[in-house]
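Read off the chains here:
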Amino acid sequence: MAGLPDRGIYLASRSPRRRELLTQIGVRYKLLLFRAHPGREADVDEAPLEGEAPAAYVERVARIKAEAGWASLVQRNLPRAPVLAADTTVALDGAILAKPADRHHAAEMLRSLAGRRHEVLTAVALKHDERLESALSRSEVEFKPLGDEEIRQYVASGECDDKAGAYAIQGRAARFVVELRGSYSGVMGLPLYETGRLLERLAAEREPKASVRRGAR
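Right, let's walk through the structure included here. Please read all numbers here as calculations on a predicted model, not as lab measurements.

Here is what the cut-offs are and how they apply
Residues numbered from 1 in each chain as written. Predicted model: local features only at pLDDT ≥ 70, side-chain atom pairs only at ≥ 80, totals over all residues. Heavy atoms only, no water. Phe/Tyr/Trp six-rings, centres within 6.5 Å; stacked < 30°, edge-to-face > 60°. Helix = DSSP H or I, 4+ residues; strand = E, 2+ residues; numbered from the N terminus. Axes fitted to C-alpha atoms, helices over the stretch in contact; angles between N-to-C directions. Parallel < 35°, antiparallel > 145°, perpendicular 65-115°, else oblique. Left-handed = near helix turned anticlockwise from the far one by under 90°. Contact = heavy atoms within 4.5 Å. Nonpolar A, V, L, I, M, F, W, Y, C, P; charged D, E, K, R; others polar. Core = buried A, V, L, I, M, F, W, Y, C linked by side-chain atoms within 4.5 Å. Buried < 20%, exposed > 50% of the residue type's maximum accessible area, 1.4 Å probe, protein only. Lys, Arg positive; Asp, Glu negative; His and termini not counted. Salt bridge = Lys/Arg side-chain N within 4 Å of Asp/Glu carboxyl O.

**Some thoughts on the packing of aromatic side chains**
A complete count under the given rule lists three aromatic pairs for this structure. Taken together, the ring pairs connect Phe143, Tyr154, Tyr167 and Phe176 into an aromatic cluster.

In structure tokens form, the structure reads like this:
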């Protein structure tokens, strides 16, 4: 994308889905992994605050992840480039359904979603120097009724592990979806429209500065 650094951006996420989606829109990136806590996306507490609304929660966590990624970049003296982070949660009747604690919990989540409409919220945040911007994607997903055996088989597949709401729409759970209103990529974990807008705004601000430097004598 014109206007971004030649090296592209850093992606502060271990999610293969987010990597695939960035590649889909032609954004160059490097993974920004956190050495101190293997298996975690960032050194942040992802627990919701008391009384926190799902939209406020997911945007707060995405921004904290971007800040943590930038802090890690600076601490490790890596070449400076924008840091992109994201967070996804599922909301049902105002309650946050984040990643299941175990497969028993995953089955409970899927039973609560069966035959009902729920909301999927994904926030994306972009950090560069003193600048931190974020955007929120909201989508509605309706599931068909699910029987106990269908839930058992899905949970046993392992696809529910480490997924907000205990399902992956791009996987076997696609057959559960009666209707989706909103962003398919947002439900996957990285809303491409909102991500593109954040990157375009940053690139537009950088381009005049880059032109001045190239024209200097």
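**Quick notes on unusual backbone geometry**
The phi dihedral of Asp129 falls on the positive side, at around 55 degrees, and the residue is not glycine. Structurally, Asp129 is set in the loop between strand S5 (117-128) and strand S6 (131-143). The phi dihedral of Ala166 falls on the positive side, at around 70 degrees, and the residue is not glycine. Topologically, Ala166 is positioned in the loop between helix H4 (148-157) and strand S7 (177-181).

**Looking at the packing of helix H3 (residues 103-113) against H4**
In the contact formed by H3 and H4, the axes pass within 10 Å of each other and the chain directions differ by 135 degrees. Classed by the angle they form, the pair H3 and H4 counts as oblique. Our pair here, H3 against H4, has a crossing hand that is right-handed. Side by side, H3 and H4 meet where Arg103, Ala106, Ala107, Leu110 and Arg111 of the first sit next to Asp148, Ile151, Tyr154, Val155 and Ala156 of the second. Residues belonging to the contact of H3 with H4 are distributed by class as follows: seven nonpolar, no polar and three charged.

**Things to note about the nonpolar core**
Grouped together as the largest cluster of nonpolar side chains are 41 residues, with contacts concentrated most on Leu84, Leu110, Phe143, Tyr154, Tyr167 and Leu190. When residues of this core are assigned to their parent elements, the largest contribution, five residues, is made by H3. When neighbours within four sequence positions are excluded, Leu110 is seen to be in contact with Phe143, Leu146, Ile151, Tyr154, Val155, Gly165, Ala166 and Tyr167. Counting 19 residues, the second-largest nonpolar core is a separate cluster that includes Leu32, Ala55, Ala81 and Val83.

**Topic: the side chain of Lys163**
Inspection of the secondary structure assignment puts Lys163 in the loop between H4 and S7. Salt bridges are absent for the buried Lys163, whose nearest opposite-charge side chain, Asp162, sits at 6.4 Å.

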